[in-house]
Amino acid sequence: MNDTLETQPRGLILLSQPWQLRVTPEDVVQALPDALKALPRLTVELDVVDLAGQAIHTHDFGPAQRALVEQVRDKLAPLRERHPDYRIVYFGSAPVPLTVELGFLLETWQQIEVVPHHHARRAWGWLSDPGQEPARLAATAWPDYKDRTPGEAVVRVSTSHLVDPQVTRRAVPDPVVEIDIALAHPSED
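These numbers come from a predicted model, not from an experiment.

With respect to the overall build of the protein chain
Each helix and strand in the protein chain was counted, giving six helices and eight strands. For the protein chain, the spread of C-alpha atoms along the three principal axes comes to 50 × 45 × 30 Å. Looking at the protein chain as a whole, 33% of its 189 residues are labelled buried. Looking at the protein chain alone, contacts between residues at least 24 apart form 77% of all its contacts between residues at least 6 apart. As displayed, the protein chain has an accessible area near 12,400 Å², and 54% of this comes from carbon and sulfur atoms. The average position of the 18 basic charges and that of the 27 acidic charges among the side chains of the protein chain differ by 3 Å.

Right, here's the structure in full:
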């Protein structure tokens, strides 16, 4: 998270979306930059852990998605309405389909800080490893044309590990377009 924020929020909505990892109040405070620690904080946990586990086994995310939509409507939306000048700080370890759904539900134009979990140190926050280069994006080859052909697009996002194109081609054998977005040096942390 950026210590020198362009606009200081009036407060924070600390949003967690657990699945593999839960975040404790102590974890949150340690992960916040000093500039934000004194701000008022509200906490929301969107817990669909059991339904997410079922979805992983059944490949049906419908029930978990509906529960997530309900929790966003009942728990998060009222806080956002009462505190539009609060910044959302996200701590999550949910399956990708539920993380993407949450991103959709949060809509655009609101600044959201995403706090990662460091695998080796077992701590939340933007922690740097001495001697390791900071994460930076590799060059992305964007298509130089607009193709309006109906079909599927494949977007491979490689941050922790490189996504093997052959694996995605087995799932989507004839995509209209394939795009790779990757870190120059993918790493779990």
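Next comes the rest of the description.
Points about empty space enclosed by the protein
Applying the stated rule across the entire model yields one cavity of 30 Å³ or more. The wall of the largest cavity is formed by Ser-16, Gln-17, Pro-18, Leu-21, Arg-22, Val-23, Glu-45, Phe-91, Gly-92, Ser-93 and Trp-124. Among the secondary structure elements, those contributing two or more residues to the lining of the largest cavity are strand 1 (11-17) and strand 3 (86-92).

Let's talk about the sheet that holds strand 3
Taken together, four strands build an open sheet; the order of strands is 2-1-3-4 and the sheet is parallel. Strand pairing shows two members of the sheet lacking a second neighbour, strand 2 (41-45) and strand 4 (112-115), which therefore form its edges. Neighbouring strand axes in the sheet, compared pairwise and without regard to direction, differ in orientation by 20° on average. One ladder, built from seven bridges, connects strand 1 with strand 3; its direction is parallel. Among the inter-strand pairings, Leu-14 is bridged to a residue of strand 3, identified as Val-89. Lying on the sheet, helix 4 (residues 62-82) is in contact with strand 1, strand 2 and strand 3; it crosses strand 2 at an angle near 170°.

Points about the environment of Gly-11
Structurally, Gly-11 is set in strand 1. Sequence-wise, Gly-11 and Pro-95 are 84 residues apart; in three dimensions their C-alpha atoms are separated by 28 Å. Beyond its immediate sequence surroundings of up to four residues, Gly-11 is in contact with Leu-39, Pro-40, Asp-85, Tyr-86 and Arg-87.

Here's the deal with helix 5 (residues 96-106)
Among the residues of helix 5, Leu-98, Glu-101, Leu-102, Leu-105 and Leu-106 are the ones counted as buried. Looking straight down helix 5, one finds its buried side chains confined to an arc of 135°; they lie on one side. Across from the buried face of helix 5, at angles greater than 90 degrees, the exposed residues are Val-96, Val-100 and Phe-104. Of the surrounding elements, those touching the buried residues of helix 5 are strand 1, helix 3 (49-58), helix 4, strand 3 and strand 4.

Calculation rules
- Residues numbered from 1 in each chain as written.
- Predicted model: local features only at pLDDT ≥ 70, side-chain atom pairs only at ≥ 80, totals over all residues.
- Heavy atoms only, no water.
- Helix = DSSP H or I, 4+ residues; strand = E, 2+ residues; numbered from the N terminus.
- Buried < 20%, exposed > 50% of the residue type's maximum accessible area, 1.4 Å probe, protein only.
- Contact = heavy atoms within 4.5 Å.
- Areas by Shrake-Rupley, 256 points an atom, 1.4 Å probe, with all protein chains shown as cover.
- Lys, Arg positive; Asp, Glu negative; His and termini not counted.
- Charge placed at Lys NZ, Arg CZ, Asp CG, Glu CD.
- 1 Å grid on protein atoms, 1.4 Å probe; cavity = no way out; pocket = protein on both sides within 12 Å on 5 of 7 lines; lining within 4 Å.
- Points joined across faces, edges and corners; volume = space filled by probe spheres on them.
- Pairing = 2+ DSSP bridges.
- Axes fitted to C-alpha atoms, helices over the stretch in contact; angles between N-to-C directions.
- Arc of directions from axis to C-beta.

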